[in-house]
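Now for the letters of each chain:
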2 protein chains.
Amino acid sequence: MSDNAADDLQPERGSRRRRGGERTKRVRSAVGEQPPFGQARRNMQPPSIVDDDQLDAIHEASVSVLRDHGVEILHDDARRRLAAAGARVEGTRVRFDPEMVMDFVGSAPTSFTLHGRSPEKNLRIGDGHLTFGSVASAPNYVGLDGQRRTGDRAGFRDLVRLGQMLNPVQFFGGYPVEPVDLHASIRHLECAYDVHTMSDKAFHIYSLGRERNLDGIEMARIARGVDHETLEREPSITTVINANSPRTYDTPMLEGIIQMASRNQVCIITPFTLAGAMAPITIPGAIVQQNAEALAGICFSQVVRRGAPVIYGGFTSNVDMRSGSPAFGTPEYARAALITGQLCRRYGLPFRSSNVSASNNLDAQAGYESVWALWGAVMGGADLIFHAAGWMEGGLHASYAKMVMDADLLNMVSTFLAPVSTSPEELALEAIADVAPSGHYFAEPHTQARYSTAFYSPMVSDWRNWETWTEAGAPIAGDRAVRVAGEILAEFEAPPLDDAIRDELRDYVDRRVAEGGVATDF
Amino acid sequence: MSDNAADDLQPERGSRRRRGGERTKRVRSAVGEQPPFGQARRNMQPPSIVDDDQLDAIHEASVSVLRDHGVEILHDDARRRLAAAGARVEGTRVRFDPEMVMDFVGSAPTSFTLHGRSPEKNLRIGDGHLTFGSVASAPNYVGLDGQRRTGDRAGFRDLVRLGQMLNPVQFFGGYPVEPVDLHASIRHLECAYDVHTMSDKAFHIYSLGRERNLDGIEMARIARGVDHETLEREPSITTVINANSPRTYDTPMLEGIIQMASRNQVCIITPFTLAGAMAPITIPGAIVQQNAEALAGICFSQVVRRGAPVIYGGFTSNVDMRSGSPAFGTPEYARAALITGQLCRRYGLPFRSSNVSASNNLDAQAGYESVWALWGAVMGGADLIFHAAGWMEGGLHASYAKMVMDADLLNMVSTFLAPVSTSPEELALEAIADVAPSGHYFAEPHTQARYSTAFYSPMVSDWRNWETWTEAGAPIAGDRAVRVAGEILAEFEAPPLDDAIRDELRDYVDRRVAEGGVATDF
C-alpha cells in the first residue's frame, strides 16, 4: 500500500540466495571486484546557473580588475616576460589589457593527455572525460586505528598504497599527507621515489623553488623511461599554482609556472578564494576575483610557452562567518563550481574542482558535504577533480577510510554518467511481456543474465536489513570503510617496474640527497 | 603554498569574534534562525541524460506495453469507466490505445496550488517550484534516545511537531510514522486530528478504502474552514497511488483515484518499480514499466475527472542482487530520476521524487545516499520531493535526527537554487579595488554589511577546528542532530487554530469513532 514499506525482497534463487552474513566475504575481496581503471565521460550538457549576459558581466568585471588594478607579480623574470608580452608593469604590480589576456588564454589547449608511468594509466584531460586525483597536502592523517597523527612517511606510504589499489584514484595530485619526518630539503626526492616505485599513476610536483621542480620533472622522466624530448611532448606531471589571494602571485609559484610550462608540463592555476576572507563575501564577487587571478596565471603560463597544458582551478568556497573557519561542500561551493564551469567552457579550458568536506570525522556531515562537492563538480562540468579521495577536515587530515568511501562515491559518479542505452535488451519489452501482473523478475533470464553486473556494488554501503545488521554489531559506514582500507593495505602489491628504472631513480635520489637536496634555512 | 592547508582564518572583528564554544548557543536557537517558510524555484534547465530519440523510444515502449499487454484493474467501476472512455477490457485486464492515453494525460494540469490549513502554507506544485514533504509511512521510528521502536502515537506526534517547526518541511505526505497503537479502524481519524491541530501545513490521505478517503477529505475541509465548493476548487490534500508493480492497480488504490480525482484533490501516481525485483533489472526497462504504469494511473485520474490535479511519481531504484534488499540513493536511482524528469517534462506533468537512504543509522552512508537522491531529484527537475526529511532504512524507520539533518540539506538545496545576481553590489568591484593584494576582506564594509546573512548556516554541520571540536567532546553529526531535535521539540508551539474549528474536528472524530470508524476484520 505504502511506497516505502520496503522490506526485504528475497530473491528466490535457491542456491544463489545470499544473506547478510556473506556480504562480509564480498567486502573482503573489495578491490578485486572494483570496476576497472578507466575514465568516465560526461554525456550530458551541464546546467547553466547564470545566463549568458551574467557570464559576460562576470568576465568583464574580472578583466577590468586585471586592467585597472592588476596583480602583484613577485618575480623579476616573470615581470620581464609579461612586460615583453604587452603587460603594463609598475614596480611589482602588473596590469593586463583584456585583449592581451584573452589572446594568451586562447592559446591554451582545450584538452591533452596526462601520461602515467604505465601507458594504461594515461589520462585524457578535457573532451568530457572526468579525472580523479587523490587527497593531497594534508598535514595530518587518520589511519586504521582512528588516531589523528602529524604526517609521516608511514602514513604517506599507506595512502599511496591505497591510492594505487583503488581504481577510481587515477593520479596523485601531491603528497596525500605531508611526511614531515622527511626533512624538507630531501622530502620531494624521497616522496617521488616512493610514488614512482609504489604506483604507476601520474604524480605531482610542489612548486617550492626551481630545483624541486627540476628534480620532480627529471624523476618523472626516469620513471617513465623516456628521453627529454618525449617528456616534453607528453605532459607527465602536474603542479598546483595557488594565487596568494587577493591578487598576488609569489615567487615560487611563478617559478613553478616557468619551469613547468616551459617544459610542457601541467600547471593547475588555482586561486584559493574563500568568500568573506581572501575574496568578496558575495559568491559572484569571489568568482570575479578568482577569475581575474586565474586568467592572470593562465595568461602567464602561455606567455612562458604558448600551448603549454594548463587547467583552470576553481576553489571558491565560503567561510563560517562566526568562527572564521573555511566551510566546504556547501551550497555556496556548488554555486561557485557551476559558475566556474561556465567560465571554463567559455574560455575553452579544462576545469579543476575538488571533493571537499570540513568534517572532523567520517560522519554524516563528511558524507553529505563530499557529495555536495562532487555533484557541484560534476554538474559544473569539472574535468579534473582534485582531492577526490581521502580529504577531510578542510584539508587538514587525510583519511584512509575516507579514501575508500570516496572511491565508492567516485565509482558512483562514473556509474551515474555512463551512457544510457535504449537498445531492445535494455528496454526489456520481452521480459515485461513475460512477467505476469503482480509477479516478479528474479527468475527471468533477462534478470539472471545481468544480476551480478547490473548495478554498482559499493564497498562501504551496508544494505542489510536491520536485524542482520544489528546481529553483525551495527557497524557504521566509517567503521566499514576502515575495515576495507585495512584489507586493501594487506593486499597491496606494487605494480611492475624495471629494475633498471628503480635503480636509476634510487641513484638519482641518493646523489641529490648526498648533495643536500634543496638547501633550507632550517 | 598548498591550496588545502585550510587552517582557521580568524576574522579580526574584536567583540564580534566567536569561537567554537559559542556555536552551541547558536544551535540552541536553531529554529529561530532558520530561513522563513518558502519554496525554492529552479532557475536552471535540468540536464538531459537521454536524447530526444531515446526518450521517444522509452515512451513508445511504455505505450506499447499498455496497448499490447495492458494493466490489471481490480475494480469493477474503474473498468467500466475505462471501457466507456475507450479502453479495451477483457476480464480484469485493461489495454489502452496510445492515443487514448495521451489524450487523457494531456488534460492533467501542469501546475496547481496545494492549499495548506493556513494560506501562508499554500504550495505551488509545478512552474519550477520545489516542494518538500515529510517522511511518511515508516513502521518504526528512532527518537531522541536512539532506540528504534514500533510506530506509536507519541512518536507520530513528535515527528509532526518537528515537521511543523522546520520550515523546509512544507507538507505532510502521510503519517511520518505509523502509530499502530491507534487501531486501524480509527487511526486515520485521530491522525488527521493530530496533524490539523498541531500543524497548519497540508496533509495526506492513505487510500485504504472509500470511507477513509471521504473522512480525510472532510477533515481537511473542516480544518481549512471552507465549504465543499471551495475545497473542490482548491486542492487541499494528497494521496499516493502505488501501482502493485508489475502492471496491477488494486481495489483501494483505484477507489482512491476515484474519490480524490472526482473531488479535484491530488493523486500522486507512483509505481514502486525496483529494478530486478518488480521491474526489469535494466534501468531503462524499469522506467519503461514505471512509465506504462504511471501513464495508466494518470490516464484513469483524468477519466474520472479531466483536469484533476495529478503528479507523476518516480520511485524506480535498484535491488542489492545479493541480499534482495532495496537500495536507495544509488547512482542507478539518480539515473532513473533524470530519465523520469525528462518524461514528465515531455508530458507536461509535475514530477515527484524522494529523498531516500537505505542506511540503518545516521552515518556517512545516510549522508551520501540522501544527497545522491536529492541531487538526482533536483537535477531530474523534480517538483515535489516526498520523504524529503526523516526517511531512513529504506523507509522502515523515521528518524527525528534525520529530519533535522535533512532540513539542513533541503535548505542547502534552496540556497543552491536561489537566483544568482550579477548586480554591481554582488560583483563587488569596489571591495576588490579596496583590498590590497595579499590583504583580507574581513573588515570591508561590503563584508560587514553581509556577514550574518551571506551564507546558509546549517544546524548540524560542525565547522569548528579540530582542537575546539575535540575539547567539546568530538560530537558527530548524528549526535548534534539529535540535540537540535530535542531543542526543537522543547520549543514546539502549535500554530493558531480557531476553537470552533478545533471543536468541529474533535466532534467529527468523536462521532466517527463512536460509529466504529472504518470497520476492519481485526
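Not measured: the values here are computed from a predicted model.

Draft legend 1. Focus on the overall build of chain A. If you tally the helices and strands in chain A, you get 20 helices and 20 strands. Its C-alpha atoms give chain A a radius of gyration of 24 Å, near enough to 24 Å, the size a compact globule of 522 residues would have. Overall size of chain A, expressed as C-alpha extent along the three principal axes, is 80 × 60 × 45 Å. The burial tally for chain A puts 62% of its 522 residues in the buried class.

Draft legend 2. Inspection of the nonpolar core at higher detail. The biggest cluster of nonpolar side chains holds 345 residues, and the ones touching the most others in it are Val404 of chain A together with Val404 of chain B. Ignoring any residue separated from it by four or fewer positions in sequence, one finds valine 404 of chain B in contact with Met459, Val460, Ala481, Val484 and Ala485 of chain B.

Draft legend 3. Examining the pairing of strand 12 (residues 266-269) of chain B more closely. All names here are of chain B. A two-sided burial pattern is seen for strand 12, the buried positions comprising Val266 and Ile268 on one face and Cys267 and Ile269 on the other. Where strand 12 lies against strand 14 (residues 310-313), three bridges are found, and the strand directions are parallel. Directly across from cysteine 267, in strand 14, lies its bridge partner valine 310.

Draft legend 4. Geometry of the sheet that holds strand 8 (residues 148-150) of chain A. Residues and elements named next belong to chain A. Ordered in space as 8-7-20-19, the four strands form an open sheet in which the pairing is mixed. Both edges of this open sheet fall to strand 8 and strand 19 (391-392), since each of them pairs with a single strand only. Across three bridges, strand 7 (residues 140-142) lies against strand 8 in antiparallel orientation. Across the sheet, asparagine 140 pairs through a bridge with threonine 150, a residue of strand 8.

Draft legend 5. Fine view of the sheet that holds strand 7 (residues 140-142) of chain B. Residues and elements named next belong to chain B. On the basis of which strands lie adjacent, the open sheet formed by four strands has the order 8-7-20-19 and mixed pairing. The outermost strands of the open sheet, each flanked by one partner alone, are strand 8 (148-150) and strand 19 (391-392). Seen against the sheet, helix 14 (residues 400-417) touches strand 7, strand 19 and strand 20 (397-399) and runs at an angle of roughly 60° to strand 20.

Draft legend 6. Quick peek at the packing of helix 12 (residues 331-347) of chain A against helix 13 (residues 364-379) of chain A. Residues and elements named next belong to chain A. At a minimum axis distance of 8 Å, the contact between helix 12 and helix 13 shows a crossing angle of 15°. The orientation of helix 12 with respect to helix 13, classified from their angle, is roughly parallel. For the crossing formed where helix 12 meets helix 13, the hand is right-handed. The residues of helix 13 that touch helix 12, namely those facing Tyr333, Ala334, Ala337 and Leu338, are Trp372, Ala373, Trp375, Gly376, Ala377 and Met379. Class assignment for the residues of the contact of helix 12 with helix 13 results in nine nonpolar, one polar and no charged.

Draft legend 7. Inspection of the interface of chain A and chain B at higher detail. Taken residue by residue, the interface counts 136 residues in chain A and 134 residues in chain B. Per-element tally for the side of chain A that touches chain B: the top contributor is helix 13 of chain A, with 10 residues. In the side of chain A that touches chain B, the residues fall into 74 nonpolar, 43 polar and 19 charged.

Draft legend 8. Structural view of the relation of the copies chain A and chain B. The transformation that overlays chain A on chain B combines an axial shift of 0.0 Å with a rotation of 180°, and the residual RMSD is 0.0 Å. Both chain copies can therefore be described as sitting about a two-fold axis. Minimal C-alpha distance to the rotation axis in chain A is attained by alanine 364 of chain A, lying at 1.9 Å.

Draft legend 9. Here's a closer look at the pairing of strand 10 (residues 237-241) of chain B. Residues and elements named next belong to chain B. In terms of residue burial, strand 10 counts as a mostly covered element, since five of its five residues are buried. Going residue by residue along strand 10, you find Ile237, Thr239 and Ile241 tucked away on one face and Thr238 and Val240 tucked away on the opposite face as well. Pairing of strand 9 (residues 203-205) with strand 10, which is carried by three bridges, proceeds in the parallel orientation. Bridge pairing links isoleucine 205 to threonine 239 in strand 10. Inspection of the sheet shows strand 10 paired to strand 12 by four bridges, in the parallel sense. For isoleucine 241, the partnering residue across the bridge sits in strand 12 and is isoleucine 269.

Draft legend 10. Molecular detail of the packing of helix 6 (residues 153-165) of chain B against helix 19 (residues 477-491) of chain B. Residue and element names in this part refer to chain B. At their nearest, the axes of helix 6 and helix 19 sit 9 Å apart, and the two run at 90° to each other. As judged from the angle between their axes, helix 6 and helix 19 are roughly perpendicular. Counted together, Asp158, Arg161, Leu162 and Met165 of helix 6 and Ala485, Ile488, Leu489 and Glu491 of helix 19 form the full contact between these two elements. Taken together, the residues of the contact of helix 6 with helix 19 sort by class into five nonpolar, no polar and three charged.

Draft legend 11. Layout of the environment of glycine 143 of chain A. Residues and elements named next belong to chain A. Inspection of the secondary structure assignment puts glycine 143 in the loop between strand 7 and strand 8. Here glycine 143 falls in the buried class, since 21 other C-beta atoms lie within 10 Å of it. When the C-alpha atoms of glycine 143 and leucine 159 are compared, they prove to be 8.9 Å apart, with 16 residues separating the residues in sequence. Leaving out residues up to four positions away in the same chain, glycine 143 has contacts with Gly155, Asp158 and Tyr400.

Draft legend 12. Spotlight on helix 13 (residues 364-379) of chain B. End to end, helix 13 of chain B covers 22 Å across 16 residues, agreeing with the expected 22 Å (1.5 Å per residue, within 8%). The buried count for helix 13 of chain B comes to 16 of 16 residues, which makes it a mostly enclosed element.

Draft legend 13. Spotlight on the environment of glycine 307 of chain B. Residue and element names in this part refer to chain B. With respect to the helices and strands, glycine 307 occurs in the loop between helix 11 (283-304) and strand 14. Look at glycine 307 and you get partly exposed, because 13 C-beta atoms sit within 10 Å. Note: C-alpha distance between glycine 307 and valine 105 (202 residues apart in sequence) is 9.3 Å. Excluding residues within four positions of it along the chain, glycine 307 makes contact with Ser107 and Pro109.

Draft legend 14. Structural context of the environment of proline 475 of chain B. Residue and element names in this part refer to chain B. Its location among the elements puts proline 475 in the loop between helix 18 (466-471) and helix 19. Between the alpha carbons of proline 475 and aspartate 462 there is a distance of 8.6 Å; along the sequence they are 13 residues apart. Residues contacting proline 475, with those up to four places away along its chain left out, are Asp462 and Arg480.

Draft legend 15. Here's a closer look at helix 11 of chain B. Here helix 11 of chain B is 22 residues long and its end C-alpha atoms lie 31 Å apart, about the 32 Å a rise of 1.5 Å per residue gives. Here helix 11 of chain B lies mainly inside the structure; 22 of its 22 residues are buried.

Draft legend 16. The arrangement of unusual backbone geometry in detail. For the bond from serine 245 of chain A to proline 246 of chain A, the omega torsion is 0°, close enough to zero to count as cis. Looking at the secondary structure, you find proline 246 of chain A in the loop between strand 10 (237-241) and strand 11 (248-249). If you check the backbone angles, asparagine 264 of chain A has positive phi at about 65° while not being a glycine. Positionally, asparagine 264 of chain A belongs in the loop between helix 10 (251-262) and strand 12 (266-269). With a phi angle near 75°, serine 137 of chain B is a residue other than glycine that sits in the positive phi range. With respect to the helices, strands and loops of the structure, serine 137 of chain B is situated in the loop between strand 6 (131-134) and strand 7.

Draft legend 17. Looking closely at the confidence of the model for chain A. Residues and elements named next belong to chain A. Residues of chain A with pLDDT of at least 70 account for 94%, and the chain-wide mean is 94. Across residues 1-28, confidence stays below pLDDT 50; counting only partners more than four residues off in sequence or on other chains, it has 52 contacts. We note a pTM of 0.94 for the whole complex and an ipTM of 0.94 for its interfaces.

Conventions we followed
- Residues numbered from 1 in each chain as written.
- Chains lettered and ligands numbered in written order.
- Predicted model: local features only at pLDDT ≥ 70, side-chain atom pairs only at ≥ 80, totals over all residues.
- Helix = DSSP H or I, 4+ residues; strand = E, 2+ residues; numbered from the N terminus.
- Rg over C-alpha atoms; globule rule 2.2 N^0.38 Å.
- Buried ≥ 20, exposed ≤ 12 C-beta atoms within 10 Å, placed from the backbone.
- Core = buried A, V, L, I, M, F, W, Y, C linked by C-beta atoms within 7 Å.
- Contact = placed C-beta atoms within 7 Å.
- Pairing = 2+ DSSP bridges.
- Axes fitted to C-alpha atoms, helices over the stretch in contact; angles between N-to-C directions.
- Parallel < 35°, antiparallel > 145°, perpendicular 65-115°, else oblique.
- Left-handed = near helix turned anticlockwise from the far one by under 90°.
- Nonpolar A, V, L, I, M, F, W, Y, C, P; charged D, E, K, R; others polar.
- Least-squares fit on C-alpha atoms with pLDDT ≥ 70 in both.
- Expected span 1.5 Å × (residues − 1).
- pLDDT = per-residue confidence, 0-100.

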